[in-house]
Amino acid sequence: MLARARDAGITRILTCGEDVSSSRAGLAIAHRYDQVRVAVGVHPHRAGSLDPAALGDLRRLAEDERVVAIGEIGVDLSGRSAPREEQERAFLAQVDLAMDLGLPIVVHVRAAGPEVRALLAGRNVRGQLHCYSEGPAELSAWRALGLVPSFAGPLTYRANRALREAARATDALLVETDAPYLSPEGHRGTRNEPAFVAVTYAAIAAERGSDVSALSATTETVAAALFGGRW
Ligand SMILES: [Zn+2]
């Protein structure tokens, strides 16, 4: 899978933990393969697992030079996640951890844009807003909070015009797979993997009247600024 990604021109992959054990597993992969970097964190679906011991584990894992962010963390009010209070407690505890460590965050937001913006107001974070799912109107509020929208496969689906408008309008952006979910057009119904992100790059480049190499230069600059020296 990593070889296919390299063949598709993908030089760097950020993989996110969803709990302590998957964060640790991601880190083991990053130590085997130089193209992989890691975000460690507890996903809102697993918010109940973020006890003080888990928070201590994340802090220790984040000392590793292959860890570039705390994530993915956030709030999911789609109705398929943990109780809201539990999610918000886990999210804010990990935001505090990231700020304490000077690391950016990778944020999962589902049906919770206004709620997450309210939670982050007044906090001096920076990070990636993963799988951006709002439109151009919300961009400036997120950018003012220090977050960069990251676009995944759904941007390539015909119905998602608002996502393409947002990708055209934003000053800074990242592009992602959200593997194994949300395969781009042409691969829908199959397991997503990093190589397929090339399809999303091509769609965004066309939307911005650019080409893929210029878009790649933009995302590389954004990633280096966001994730710092460990990137
Ligand atoms: Zn997510």
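Thresholds applied
Residues numbered from 1 in each chain as written. Predicted model: local features only at pLDDT ≥ 70, side-chain atom pairs only at ≥ 80, totals over all residues. Heavy atoms only, no water. Phe/Tyr/Trp six-rings, centres within 6.5 Å; stacked < 30°, edge-to-face > 60°. Helix = DSSP H or I, 4+ residues; strand = E, 2+ residues; numbered from the N terminus. Buried < 20%, exposed > 50% of the residue type's maximum accessible area, 1.4 Å probe, protein only. Arc of directions from axis to C-beta. Contact = heavy atoms within 4.5 Å. Pairing = 2+ DSSP bridges. Right-handed = clockwise from strand over helix to strand, strands pointing away. Expected span 1.5 Å × (residues − 1). Disulfide = S-S within 2.5 Å. Core = buried A, V, L, I, M, F, W, Y, C linked by side-chain atoms within 4.5 Å.

(A) Fine view of the packing of aromatic side chains. Applying the stated rule across the entire model yields two aromatic pairs. The interplanar angle of 65 degrees and the centroid separation of 5.6 Å between the aromatic rings of tyrosine 132 and phenylalanine 151 together place this pair among those described as edge-to-face. Here phenylalanine 151 lies in strand S6 (residues 147-151) and tyrosine 132 lies in the loop between strand S5 (127-130) and helix H6 (139-144), a separation of 19 residues in the sequence. Among the residues examined, tyrosine 132 registers a relative accessible area of 4% and is labelled buried. Using a relative accessible area of 0% as the deciding quantity, one classes phenylalanine 151 as buried.

(B) Structural detail: helix H8 (residues 197-207). When we look at burial in H8, the residues that qualify are Val197, Thr200, Tyr201, Ile204 and Ala205. The buried residues of H8 occupy one face: seen down the axis, they fall within an arc of 135 degrees. Turning to H8, the residues buried within the fold contact S6, helix H7 (161-169), strand S7 (174-175) and helix H9 (212-227). In the segment just after H8, glycine 209 is the residue with positive phi, at about 65 degrees.

(C) Main features of the pairing of strand S2 (residues 36-40). By the criterion of burial, S2 is predominantly enclosed, with five of the five residues buried. With four bridges joining them, strand S1 (residues 13-16) and S2 adopt parallel strand pairing. Bridge pairing in S2 links cysteine 16 to alanine 39. Regarding topology, helix H2 (residues 20-32) serves as the crossover connection from S1 to the parallel S2, and that connection is right-handed. Relative to strand S3 (residues 67-76), S2 is paired through three bridges, and the arrangement is parallel. Residue valine 38 lies in a different strand from S3, and its bridge partner there is valine 67.

(D) Region of interest: H9. Taking 1.5 Å as the rise per residue, H9 with 16 residues should run 22 Å; its terminal C-alpha atoms sit 22 Å apart, in good agreement. Three or more residues of H9 are buried, namely Leu215, Thr219, Val222, Ala223, Leu226 and Phe227. The buried residues of H9 all sit within an arc of 105 degrees when viewed along its axis, so they share a single face. Along H9, the residues that are exposed and aim more than 90 degrees away from the buried face are Ser213, Thr221 and Ala225.

(E) Summary view of the side chain of threonine 200. Tracing the backbone through its elements, the reader meets threonine 200 in helix H8. Of the residues examined, threonine 200 reaches a relative accessible area of 1% and is grouped as buried. Excluding its chain neighbours within four sequence positions, the residues that come into contact with threonine 200 are Phe151, Ala152, Gly153, Leu155, Thr156, Val175 and Pro184.

(F) Geometry of the environment of proline 154. Its place among the elements puts proline 154 in the loop between S6 and H7. For proline 154 and leucine 182, which are 28 residues apart along the polypeptide, the C-alpha to C-alpha distance reads 6.4 Å. Sequence-distant contacts of proline 154, defined by excluding residues within four places in its chain, comprise Asn160, Leu163 and Leu182.

(G) Spotlight on the state of the cysteines. Under the definition given, this model contains zero disulfides. Cysteine cysteine 16 remains unbridged, with the sulfur of cysteine 131 as its closest cysteine sulfur at 12 Å.

(H) Local environment of the nonpolar core. Ile70, Phe91, Ile105 and Val116 are the most contacted members of the largest nonpolar core, which has 55 residues in total. Discounting chain neighbours no more than four positions away, the residues touching isoleucine 70 are Ala39, Val40, Ala62, Gln94, Leu97, Ala98, Leu101, Leu103, Pro104, Ile105 and Val106. Core analysis: the next-biggest nonpolar cluster, separate from the first, contains twelve residues, Ala39, Val68, Leu174 and Ala223 among them.

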